[in-house]
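Residue-level structural notes
Single-letter residue listing:
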Amino acid sequence: MAEGVEKAMRGLDSESAALGGVVRLSATDGFSGFIAAPAIVALRGQHPGVSLEMVAATRRAAQQRVGVDLEVVVGKPHVHRAEATHLADYALGLYASPAYLAAHGAPRSLSDLAGRSLVYFIESMLQVDALDEARRAVPGMVDAVSSTNVYVHIDATRAGAGIGLLPVFLAGPHSDLVRVLPDEVEVRLPYWLVTHPEALRQPVVLAYISAMRGRIEQVREDLLGLS
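None of these values were measured; they are calculated from a predicted model. (Residues numbered from 1 in each chain as written. Predicted model: local features only at pLDDT ≥ 70, side-chain atom pairs only at ≥ 80, totals over all residues. Heavy atoms only, no water.)

Concerning the overall build of the chain
Along the backbone of the chain there are 7 helices and 9 strands. For the chain, restricting intrachain contacts to residue pairs at least 6 apart in sequence, the fraction spanning at least 24 positions comes to 80%. Counting every atom, the chain has about 10,900 Å² of accessible surface; 49% of that belongs to carbon and sulfur. (Helix = DSSP H or I, 4+ residues; strand = E, 2+ residues; numbered from the N terminus. Contact = heavy atoms within 4.5 Å. Areas by Shrake-Rupley, 256 points an atom, 1.4 Å probe, with all protein chains shown as cover.)

Laid out in structure tokens, this is it:
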């Protein structure tokens, strides 16, 4: 699919062909804010007639993509009558607020995590196997604050609710979050793009995919916590 997008994009003349229309995207909260939103800003800089509708959701790829052109999911999807391609990997790590660490002490090993308060997704509602499996990296922790929204994870961890298992690209910029056990706990997960073949015939969708890839290249090291 990536080769098809690249070939189609070479056929678009960004100087003379004004693109317009709506791209409809379903993606996780973190991807929506960190990748998808800046990508549409860059694309609209060249083509103001393009707009983006985003549905923020953490779920498996839908077998029938009704109402969206593109889906970004965590983990390799198993889809029919659709194209799936790997976009990038990102890392999860453990973070806590200085106040939490002062009150409860900093864990010095994985065994110290047993019984500690965890900030993460609601286990019973989590549909994504890769995110569920990430719990194995933090054995014995007890759910303290759980949410379907990763930005709630960030804010709850900053408030001292517990130790959050957080995307490093979202947690890292916060000076009031401290990385915990960085050498012992790092989980890498993949972002995958799922596209219906009909959507790949729309120049505006191809242009937006290209813009997302451009944004990903800009922040690839941030996604892995390497910057």
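Once the structure has been displayed, the description carries forward.
Details of the pairing of strand S2 (residues 49-56)
Bridge count between strand S1 (residues 20-27) and S2: 8 bridges; the pairing is parallel. The partner of Gly 21 across the bridge, within S2, is Val 50. Crossover handedness for the path S1 to helix H2 (residues 29-46) to S2: right-handed. (Pairing = 2+ DSSP bridges. Right-handed = clockwise from strand over helix to strand, strands pointing away.)

Describing the side chain of Thr 157
Tracing the sequence through the fold places Thr 157 in helix H5 (residues 150-158). Contacts of Thr 157, omitting those with residues within four sequence positions, involve Tyr 95, Ala 96, Ser 97, Val 119, Gly 162, Gly 164, Leu 166 and Leu 177.

Some thoughts on the pairing of strand S5 (residues 117-120)
Where S5 and strand S6 (residues 142-146) come together, 4 bridges link them in parallel fashion. Its bridge partner lying in S6, Leu 118 is registered against Asp 143. Where S5 and strand S7 (residues 163-167) come together, 2 bridges link them in parallel fashion. The residue of S7 that forms the bridge with Leu 118 is Ile 163.

Let's talk about H5
Of the residues making up H5, those classed as buried are Val 150, His 153, Ile 154, Ala 156 and Thr 157. Looking at the buried residues of H5, the elements they touch are H2, strand S4 (83-96), S5, S6, S7 and helix H6 (168-171). One side-chain oxygen at the N-terminal end of H5 lies 2.7 Å from the backbone nitrogen of Tyr 151; it belongs to Asn 149. Positive phi shows up at Gly 160, right after H5, with a value of about 95 degrees. (Buried < 20%, exposed > 50% of the residue type's maximum accessible area, 1.4 Å probe, protein only. Polar contact = N/O pair within 3.5 Å; in protein donor to acceptor, adjacent residues only side chain to side chain.)

Quick look at the environment of Ile 122
Within the fold, Ile 122 resides in the loop between S5 and helix H4 (129-133). C-alpha of Ile 122 to C-alpha of Asn 149: the two residues are 27 residues apart in sequence and 9.5 Å apart in space. With sequence-adjacent residues up to four places away left out, Ile 122 is seen in contact with Arg 135, Ser 146, Ser 147 and Thr 148.

Let's talk about the side chain of Asp 69
Following the sequence through the fold, Asp 69 ends up in the loop between S2 and strand S3 (70-74). One buried charged residue, Asp 69, forms no salt bridge at all, with the nearest opposite charge on Arg 24 at 4.5 Å. Those residues within four positions of Asp 69 in sequence are excluded, and the remaining contacts are Val 22, Val 23, Arg 24, Val 194, Thr 195, His 196, Ala 199, Gln 202 and Val 205. (Lys, Arg positive; Asp, Glu negative; His and termini not counted. Salt bridge = Lys/Arg side-chain N within 4 Å of Asp/Glu carboxyl O.)

Some words on the packing of H2 against helix H7 (residues 203-223)
Where H2 meets H7, the axes come as close as 8 Å, and the angle between the chain directions of the two elements is 130 degrees. What the angle tells us is that H2 and H7 run oblique. At the point where H2 passes H7, the crossing takes the right-handed sense. Along the contact surface, H2 presents Phe 31, Phe 34, Ile 35, Ala 36, Pro 38, Ala 39, Ile 40 and Leu 43, while H7 presents Ala 207, Tyr 208, Ala 211, Met 212, Arg 215, Ile 216, Val 219, Asp 222 and Leu 223. Taken together, the residues of the contact of H2 with H7 break down into 15 nonpolar, no polar and 2 charged. (Axes fitted to C-alpha atoms, helices over the stretch in contact; angles between N-to-C directions. Parallel < 35°, antiparallel > 145°, perpendicular 65-115°, else oblique. Left-handed = near helix turned anticlockwise from the far one by under 90°. Nonpolar A, V, L, I, M, F, W, Y, C, P; charged D, E, K, R; others polar.)

Description of the nonpolar core
Ranked by internal contacts, the top residues of the largest apolar core, which has 67 residues, are Phe 31, Leu 70, Tyr 90, Leu 131, Leu 165 and Tyr 208. Discounting chain neighbours no more than four positions away, the residues touching Tyr 208 are Val 23, Leu 25, Ala 36, Ala 39, Ile 40, Leu 43, Leu 52 and Leu 70. Counting 5 residues, the second-largest nonpolar core is a separate cluster that includes Val 73, Val 79, Trp 192 and Val 194. (Core = buried A, V, L, I, M, F, W, Y, C linked by side-chain atoms within 4.5 Å.)

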